[in-house]
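# Observations on the model geometry
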Amino acid sequence: MVIERLWFRWPVAALIFVAATWLNLQLQPALNGRAPLLPFFPSLVVVGLACGLGPSLAFLAAACLATLYFWVDPVGQFLPINSLADAAMVVLFLFAGALVASVSAWAGRLMQKERNSRRRLNLALAAGRMVTWDWDSVTGFATTAGGAKQLFGRSWSSMDDMLAGMSAPDAERFRDRYRYATESGGRFSFACPLTRPDTGETVWTQFDGYVSLDAKGRAVHAYGVAVDVTQQQEALRASQAAEERFHLALQSGKVMAWECDAQGRYTWAFNTPMGFSRDALIGAEVGSLVGEPEYAAIVREAVATGRTMNLAQQVSHGGRTYQLLTSLRPVADHNGEVRRVLGATVDVSELSAAQEELRRESQRKDAFLATLAHELRNPMAPIRYAVAMLRQSTTEAARAHATDIIARQSAHMARLLDDLLDMSRITRNVVELQRQVIDLRTVVKQALEAVEPLYKEMKHRVSLSLPPEPVPVDGDPTRLQQVLGNLLDNAAKYSPEPGEVTVHVATEDDQALVTVTDKGIGIAMEMQPQVFELFTRIDSRGAAPSGLGIGLAVSRQLVQLHGGAIEVESEGVGHGSRFIVRLPLAPHGPAAHDGEEPDVEATDPAAAPVCVMVVDDNVDGANTLAEVLRGAHYRAAVAYSGEEALKCFERVQPRVMLLDIGLPGISGTEVARRLRSSTRREDLALIAITGWGQRSDRDATAAAGFDAHLVKPVEFSELERVMQQLLSEPR
Ligand code: ADP
């Protein structure tokens, strides 16, 4: 315990000298003047230890003078040496005293050094948030340096104190490690969370220790350090989480992060694209693996200019073309020298492909709109001419010819509109199938009947081959007929006149197959996958220009809704085409008479003219329909609103009412509801004629009391068939 303040050592030495001299003066009478030097020696040791060499030598000199003055005869003189013995005593005292002073000053310095190094150790332990521990396995006591209480909330005086903050499984694991180190006589290392008993906080602690063994191999002593690594642990976790987020972002964005040296050689890479491994990339020049060595030159240019660069690149690898966007940034070190370049490369191939597809789609849509305008305008000219013909005509034959033209052209327009509506329903996913088990042979026959006039007109020959037994399919007959009708229509349209078309129906495993083969213009190989896309019209020479490019798209969707598939085969332009429709076979055969038209007993309208009331706010539409009805020998009345219909109902007493649903004021549905509740007439047939044909619309009209629901535009023959059926079977 050397006094650290230098100036303070001298007064302390002087004080000790005065105290020692006083004590000696008190003791000498009792000692009879013997050994007057003796009491000065302990004081000299104290002065040496506390005040260092200088003050202790001064103390020695003063003690020598005091001894000579007070206790050597003649007393009262500072140099009373008369005898050799006195001189020898003084020399001996001085010599021994100098020795004691030096040794104690040296010991004091050592103690000071030791205290300083202990201070430094404590400082280092506190800065490193650690404690050292020393455990005697014989006594069970532990000693620690550093603040165990500050760091871990308790003082460690035994191994159990150390383990008290651990969870039971962690304490068990610690003991296991310790035991293993005991057996192998070596180091052990263990990290776990400790819970502070005072605050309840968790302190992540890293233990490193060493077990020393005695000659018999028993553990006698263990020592080591315990470090509070909570901050490192938290930083590690935060950096792991940040890295995970970073990796996730890179992966989901298809971004490769990379780093290269100033020569453009990869030094690090993450999320490598195009199937390259990281190892293949590291050390390679940027761009060299995809045959684009100039990319490394771009990197070197960035290094030279120190500027960030953004590039769009297109590279080919493994038979694929990739669209890449790269950003690279040169990084300068503290000298301002660029030694590395950071980069990020994004694979935007899918995005570019999607953009390209959107562009193509938009082009197809534009082409479609142009075609649609053209297709809708086409029938208008003949209709207008026919109207003019009707106005001028005087003969029955000219009138019949004009009505034929109008009927044919308006049917064509209706078909176009039907296709458009179907397309819109299919793209909105609102098509409802009215499924039942049917014989596919019947559907094929009906489809052929429907296209017969066209085939006749174009002088095409059709041959049909059907299996002898029924082909049961669970499907919507109208929709399947539409699909086959479309294929037959195309076969006719895209075959030069006179052509030859074959329709073949067969079963294969659990599938029904309908094949429509023509010897027409055929389809180029590369176009075949596209014919089922919306708005696809192949621009081939000799092809009939009609059609919107919707039919096959609608057909494919309808077949898929039935759980089937549709394919095209063609050996190329000029080699004809074959369309194959596959449908799952139904497990049970079709119901008896399925697909057969119900036998409608035709009533002769002329014999007893039936009264029909047409209710429609479209005045032209209502009047024309009434005219046609009259032409077919019905008695027809017209009302242009729901109110009017209800008002004239009693007077007109119609057998059939053809009601538009979307009437202003009282709707068609409301008219039906009121009529059904006010009149008990069972022979009254109510037919809804509307633009809405979903199941929910049909349910609504049925609930209001309608007997039938027809969707506009209605063919007159269909309307008459429904009317006749209702007239022959009253409610
Ligand atoms: P479109 O109304 O134009 O006929 P589709 O969707 O039915 O529309 O057919 C799409 C395109 O497929 C047609 O424009 C035509 O180029 C081609 N295609 C369809 N069927 C045949 C066929 N039997 N022979 C040759 N080309 C065909």
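Residues numbered from 1 in each chain as written. Predicted model: local features only at pLDDT ≥ 70, side-chain atom pairs only at ≥ 80, totals over all residues. Heavy atoms only, no water.

### Some thoughts on empty space enclosed by the protein
We apply this condition: Using a 1 Å grid laid over the protein atoms alone, points where a 1.4 Å probe fits but cannot get out form a cavity; open sets with protein on both sides within 12 Å along at least 5 of 7 lines form a pocket; any residue with an atom within 4 Å of a point counts as lining. Grid points are joined across faces, edges and corners, and a volume is the space filled by probe spheres set on the points. Comment: elements are numbered from the N terminus, with helices defined as DSSP H or I runs of at least four residues and strands as E runs of at least two. Each residue is assigned to one class: nonpolar for Ala, Val, Leu, Ile, Met, Phe, Trp, Tyr, Cys and Pro, charged for Asp, Glu, Lys and Arg, and polar for all the others, Gly among them.
For the coordinates displayed, the defined rule picks out three cavities of 30 Å³ or more. A volume near 240 Å³ is recorded for the largest cavity. Lining the largest cavity we find 23 residues, and of these Tyr266, Val286, Gly287, Val290 and Tyr295 sit closest to its centre. Listed by contribution, the elements that provide at least two residues to the lining of the largest cavity are β6 (255-261), α10 (294-305), β8 (309-317) and β9 (320-332). The class makeup of the residues in the lining of the largest cavity is 17 nonpolar, five polar and one charged. The volume enclosed by the second largest cavity comes to roughly 40 Å³. Elements with a contribution of two residues or more to the lining of the second largest cavity: α6 (159-164) and β3 (187-195).

### Looking at the pairing of strand β17 (residues 577-584)
Two faces make up the sheet, and in a regular strand the side chains alternate between them. To keep it simple, the criterion reads: Burial classes: relative accessible area under 20% of the type maximum marks a residue as buried, over 50% as exposed, and values in between as partly exposed (1.4 Å probe, protein chains only). When DSSP locates at least two bridges between a pair of strands, those strands are taken to pair.
For β17, a buried count of six out of eight residues is recorded, marking the element as mostly surrounded by other parts of the structure. Bridge count for strand β15 (residues 511-518) against β17 is eight bridges, and the pairing is antiparallel. If you follow Asp518 over to β17, its bridge partner there is Ser577.

### Focus: the pattern of salt bridges
Just so we agree on the cut-off: The term salt bridge refers to a pairing of a side-chain nitrogen on Lys or Arg with a carboxyl oxygen on Asp or Glu at a separation within 4 Å.
According to the stated counting rule, one finds 34 salt bridges in the structure shown. Put simply, Glu356 and Arg359 hold a salt bridge, and the shortest N to O gap is 2.5 Å. Here Arg359 and Glu356 lie together in helix α11 (residues 349-377), a separation of three residues that amounts to about one turn. Given a relative accessible area of 42%, Arg359 falls into the partly exposed group.

### Description of the layout of surface pockets
In this approach a probe as big as a water molecule rolls over the atoms, and the regions it shows empty are the leftover space. The criterion, for reference: Marked domain ranges trace back to an automatic or database domain assignment.
Its volume calculated, the second largest pocket comes out at about 270 Å³. Looking at the lining of the second largest pocket residue by residue, the class counts come to five nonpolar, four polar and five charged. Here the lining of the second largest pocket gathers at least three residues from each of two domains, domain 4 (353-426) and domain 5 (431-584).

### Quick word on the sheet that holds strand β1 (residues 130-136)
As a reminder, the rule being used: Only the contacting stretch of a helix is used when fitting its axis, a line to C-alpha atoms as for every element, and angles between N-to-C directions run 0 to 180 degrees. In this description, contact between two residues means that some pair of their heavy atoms is separated by no more than 4.5 Å.
Ordered in space as β2-β1-β5-β4-β3, the five strands form an open sheet in which the pairing is antiparallel. Two strands bound the open sheet, and with one partner strand each, they are β2 (142-145) and β3. Within the sheet, the average angular offset between the axes of one strand and its neighbour, ignoring direction, is 20°. Bridge count for strand β4 (residues 202-213) against strand β5 (residues 219-228) is nine bridges, and the pairing is antiparallel. Each residue of the ladder has a partner; that of Leu213, found in β5, is Ala219. Docked against the sheet, helix α7 (residues 168-184) engages β1, β3, β4 and β5, running at close to 165° with respect to β3. Across the sheet, helix α8 (residues 230-252) touches β4 and β5, and the angle it forms with β4 is around 120°.

### Side note on the site of the ligand
Our working definition: What makes a residue near a molecule or strand is one non-hydrogen atom of that residue sitting within 4 Å of it. As used in this structure description, the phrase polar contact means that two N or O atoms lie within 3.5 Å; if the pair is within protein, one of them must be able to donate a hydrogen and the other to accept it, and residues adjacent in sequence are counted only when both atoms belong to side chains. Per-residue and other accessible areas were derived by the Shrake-Rupley procedure at a 1.4 Å probe size, with only the shown protein chains allowed to occlude residues.
Near the ligand, the surroundings consist of 20 residues, among which Asn490, Tyr494, Asp518, Ile538 and Leu552 are the closest. In the model, a nitrogen atom of the ligand is placed 2.9 Å from a nitrogen or oxygen of the Asp518 side chain. Residue Gly549 places a main-chain N or O atom 3.1 Å away from an oxygen atom belonging to the ligand. In isolation the ligand offers 530 Å² of accessible surface; the protein chains occlude 97% of this area. Those elements that place two or more of their residues in the shell around the ligand are α15 (477-493), α16 (551-561) and β17.

### Let's talk about the side chain of His562
Mapped onto the secondary structure, His562 falls in the loop between α16 and β16 (565-569). Taking relative accessible area as the criterion, His562 reaches 4% and is therefore assigned buried. There is a polar contact of 3.0 Å between the side chain of His562 and the backbone nitrogen of Asp476. At 2.9 Å, the side chain of His562 forms a polar contact with the backbone oxygen of Leu558. Residue contacts for His562: discarding those within four places in its chain leaves Leu433, Arg435, Asp474, Gly475, Asp476, Arg479, Leu480, Leu583 and Pro584.

### Thoughts on the packing of aromatic side chains
What counts here: Each Phe, Tyr or Trp ring (for Trp, its six-membered ring) is paired with any other whose centre lies within 6.5 Å, and the angle between the two planes then decides the class: stacked below 30 degrees, edge-to-face above 60, tilted in between.
A full pass over the atoms with the stated rule returns 18 aromatic pairs. Residues Trp258 and Tyr266 carry aromatic rings whose centres are separated by 5.6 Å and whose planes lie at 85° to one another, so their mutual orientation is edge-to-face. Trp258 sits in the buried class, given a relative accessible area of 2%.

### A word on a nonpolar patch on the surface
What counts here: Without a salt bridge and with relative accessible area above 30%, a residue can belong to a patch; like charges are then joined within 9 Å and nonpolar side chains (Val, Leu, Ile, Met, Phe, Trp, Tyr) within 5 Å.
Residues Trp22, Leu23, Leu27 and Leu31 make up a contiguous nonpolar surface patch of about 380 Å² in total accessible area. As for its position among the elements, Leu23 is in helix α1 (residues 6-31).

### Digging into the confidence of the model for the protein chain
Applied cut-off: You can read pLDDT as the predictor saying how much it trusts each residue, on a scale of 0 to 100.
The pLDDT averaged across the protein chain works out to 86; a share of 95% of its residues lies at or above 70. A low-confidence stretch, residues 592-606 stays under pLDDT 50, and its non-local contacts, those more than four residues away or across chains, total 13 contacts.

### Some words on the side chain of Ser43
In this fold, Ser43 is placed in helix α2 (residues 40-51). Aside from chain neighbours lying at most four places away, what touches Ser43 is Ile16, Ala20 and Phe59.

### Observations concerning the domain arrangement of the protein chain
Considered domain by domain, the protein chain is made up of domain 1 (6-124), domain 2 (128-234), domain 3 (253-347), domain 4 (353-426), domain 5 (431-584) and domain 6 (611-728). One C-alpha centre belongs to domain 1, the other to domain 4; they are set 131 Å apart.

### Re the environment of Gln530
When you line up the elements, Gln530 lands in the loop between β15 and α16. For Gln530 and Leu552, which are 22 residues apart along the polypeptide, the C-alpha to C-alpha distance reads 10.0 Å.

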